[in-house]
Structure formats: C-alpha cells, structure tokens
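Inside the fold
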Amino acid sequence: MKTTFYSNGKLLITGEYLVLDGAKAFALPTKFGQNLIVENGSNQEIQWKSYDFDGHLWYEDTISFSEIINNTDSKNETVKTTLIQILHEAYLLNPHFINNAEGYIISTQLTFPKNWGLGTSSTLLNNIAQWTNIDAFTLLKNSFGGSGYDIACAQNNTPIVYRLEQNLPIVETVEFHPDFTQNIYFVYLNKKQNSKAAINAYYNNRNGNLEKTILDNNKITDTLLNAQTANEFALAAEKHETHLSTILEMPTIKEASFADFNGTIKSLGAWGGDFVMVISEEDPTVYFSEKGYKIILSYDEMILQE
C-alpha cells in the first residue's frame, strides 16, 4: 500500500524575528511544496530516498528502527542525523509507527529547487507529522524549534496571520486578494542564510522596549494586509523594513544592494537570505537580470490561491 502526504512551502511577509516574541506575522503558502510517499517495507528499517524538483536523487540512505528509537547522537550534523532526530521525536510522541511496522520504503519529492528556502525542512516535518499522526507544531518544538509559522503555511491553502500566545500557535486564515498583485514579484537572491545565526543576532540586538516594538509591527502588518493600493502596500512594506533595520542594526536589502532601484524591496524571512519581495509599477525583470538575479517569479506564479 502506498500513501502520499503533501505540504505547502512558505513565504513570511511580515513579522520576521518578532514572531518569536508573539508579534503578528503575515505569511503566504506557496504553489510549491513537498510530498512524502510511504510504502510498506521490511527488515525493521526505512529505505529513504529524497528527490529534488527535477527528479535528481539528492539523498539516499537506510535507517534502522533501532537508530530511530535510540537516537544515537552524532557530533557531525548530517542529513541522516537530522532525519533520525525528527523520526526519534515523532517516535516519542507516537511509537506505534515503529512498534507496529515491519519496515518502510519512503521517498520525498520537492516541487521547488531545495536551495530556494521555501521550506524544505518545514514541509518534511509536517509530512512526517501527518504520516505518524502527531501534532506538527509539537514535533517542530521538540526538534528544530522556531516560531512555527512555516508549519501553519504547510497546513493551509490561504494566506494566514500567525502568532504565538503563551508559546502556543494561533493561526488565522485571512482574505488577501488585492487588485495590485500584478505589481508584486519575488526575486531569488541565492544567498543562503543560517536561521539560527540570524535568530541569535535578533536576540542580541532587539530593543529593550519589546512591547512597543511588537505593537508597531502589528500595526504595520494590519496596514499591509488591508492596503487598497500598490502604493499603500509598498509604503507599509518599506516601514516594516526600516523598523527591522533598526532592531537588527543592519541596512535594508535595498540600501545594501539595490539603492538605484525604482520601487520597493522587502526582505522575507532571514534578512539577506533567499527571496525578496519586490513591489514595482513596471516589470523589474530586466533590472534584476542585469545584476545577475535570473529567478524572478510573479505573485501568481509563486503564491497559492484557492
């Protein structure tokens, strides 16, 4: 018997870093994601294969049930040790998927290039949680940590506003169908950021007046969500960039790399990382292509819309 699970990728539009402290974050599930296919196996082991979007096999290994049960620590963080850690935490939450099985043959397939940063880990985690019948937010908390907005995107097919209240996830699906989506683009910068390092920088640099900082973030998020025009949306995005720039003591991505661009550029997720959101009256493809950034997706190409 073959069972397939699927999870959506994600883009965090507002609330980066601050979402960890309870701020409202506006996030969009993407048309891209990852599936996980489970078949019965044998030998008390999992034969695991992971494929990139183009069918290229990027990871293959065999993991014994005993490795999952015991979570033998390895000093080197590898794909295998990370996978064993996730499966071990899943086992602690629901041991039946190991105790009542002979073995598994599992394959995963991304529908986006894995270096894009749209949620290779979060989509995997949510798929494993679906398969093992456990809560994905708990699995995240017990393995990688993080705010969990990416898990909420994995599970929802519409825009969401996400926040943590007493460390519990609050997910609100929202309407977001502005008339100006043709002015929104996503440009891939191909600069992988280490999320853990960025989170540490945030904690070191954030302003002592956290309550006001969060209130300001939430106001900007509401303005952006309810914007009636591209200009209103762009101004809110710029305000958000300036706000975070002060907290992180970092220049905005536009100041740092695209000062001559006629339009708005907003970082998404870890600053300076994978994709940026561009709001522009004219198609910005030529501008970014000339600077060496060839992967530019329109809002319709990127964002899941029911």
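Keep in mind that what you see is a predicted model, and the values were worked out from it rather than measured.

The rules we used
Residues numbered from 1 in each chain as written. Predicted model: local features only at pLDDT ≥ 70, side-chain atom pairs only at ≥ 80, totals over all residues. Heavy atoms only, no water. Helix = DSSP H or I, 4+ residues; strand = E, 2+ residues; numbered from the N terminus. Rg over C-alpha atoms; globule rule 2.2 N^0.38 Å. Buried < 20%, exposed > 50% of the residue type's maximum accessible area, 1.4 Å probe, protein only. Contact = heavy atoms within 4.5 Å. Areas by Shrake-Rupley, 256 points an atom, 1.4 Å probe, with all protein chains shown as cover. Lys, Arg positive; Asp, Glu negative; His and termini not counted. Charge placed at Lys NZ, Arg CZ, Asp CG, Glu CD. Phe/Tyr/Trp six-rings, centres within 6.5 Å; stacked < 30°, edge-to-face > 60°. Salt bridge = Lys/Arg side-chain N within 4 Å of Asp/Glu carboxyl O.

A word on the overall build of the protein chain. Helix and strand content of the protein chain: 12 helices and 11 strands. The globule rule puts the C-alpha radius of gyration for 306 residues at 19 Å, and the 20 Å found for the protein chain is close to it. Dimensions of the protein chain, computed from the C-alpha atoms along their principal axes, are close to 60 × 40 × 35 Å. The buried share of the protein chain, taken over its 306 residues, is 51%. Considering only contacts within the protein chain whose residues lie at least 6 apart along the sequence, 69% involve residues at least 24 apart. By element, 46% of the accessible surface of the protein chain is carried by carbon and sulfur atoms, the whole surface being about 14500 Å². Averaged over its 21 positive side-chain charges, the protein chain has a centre that lies 4 Å from the centre of its 36 negative ones.

Before going further, it helps to spend a moment on the packing of aromatic side chains. Inspection of the entire model under this criterion finds 20 aromatic pairs. Pairing W116 with Y188 gives two aromatic rings, centres 6.2 Å apart and planes at 45°, and the pair type is tilted. A residue pair is termed long-range when its members are at least 10 positions apart, and W116 in the loop between β5 (104–110) and α4 (120–132) and Y188 in strand β8 (residues 184–188) qualify at 72 residues. Judged by relative accessible area, Y188 falls into the buried class, the value being 6%. Cluster of aromatic residues (ring-pair linked, three or more members): F26, F176, F180, F186, F233 and Y299.

Tallying each qualifying case throughout the model produces 8 salt bridges. For D61, the salt bridge identified is with K80, shortest N-O distance 3.9 Å. Placement of D61 in strand β4 (residues 57–64) and of K80 in helix α2 (residues 79–93) is noted, with a sequence separation of 19 residues between them. Given the relative accessible area of 27%, D61 is considered partly exposed. The salt bridge involving K212 is made with D216; its shortest N-O contact spans 2.9 Å. Taken together, the residues K212 and D216, both in helix α8 (residues 210–225) and 4 residues apart, mark about one turn of the helix. On the basis of relative accessibility, which here comes to 46%, the residue K212 falls in the partly exposed class.

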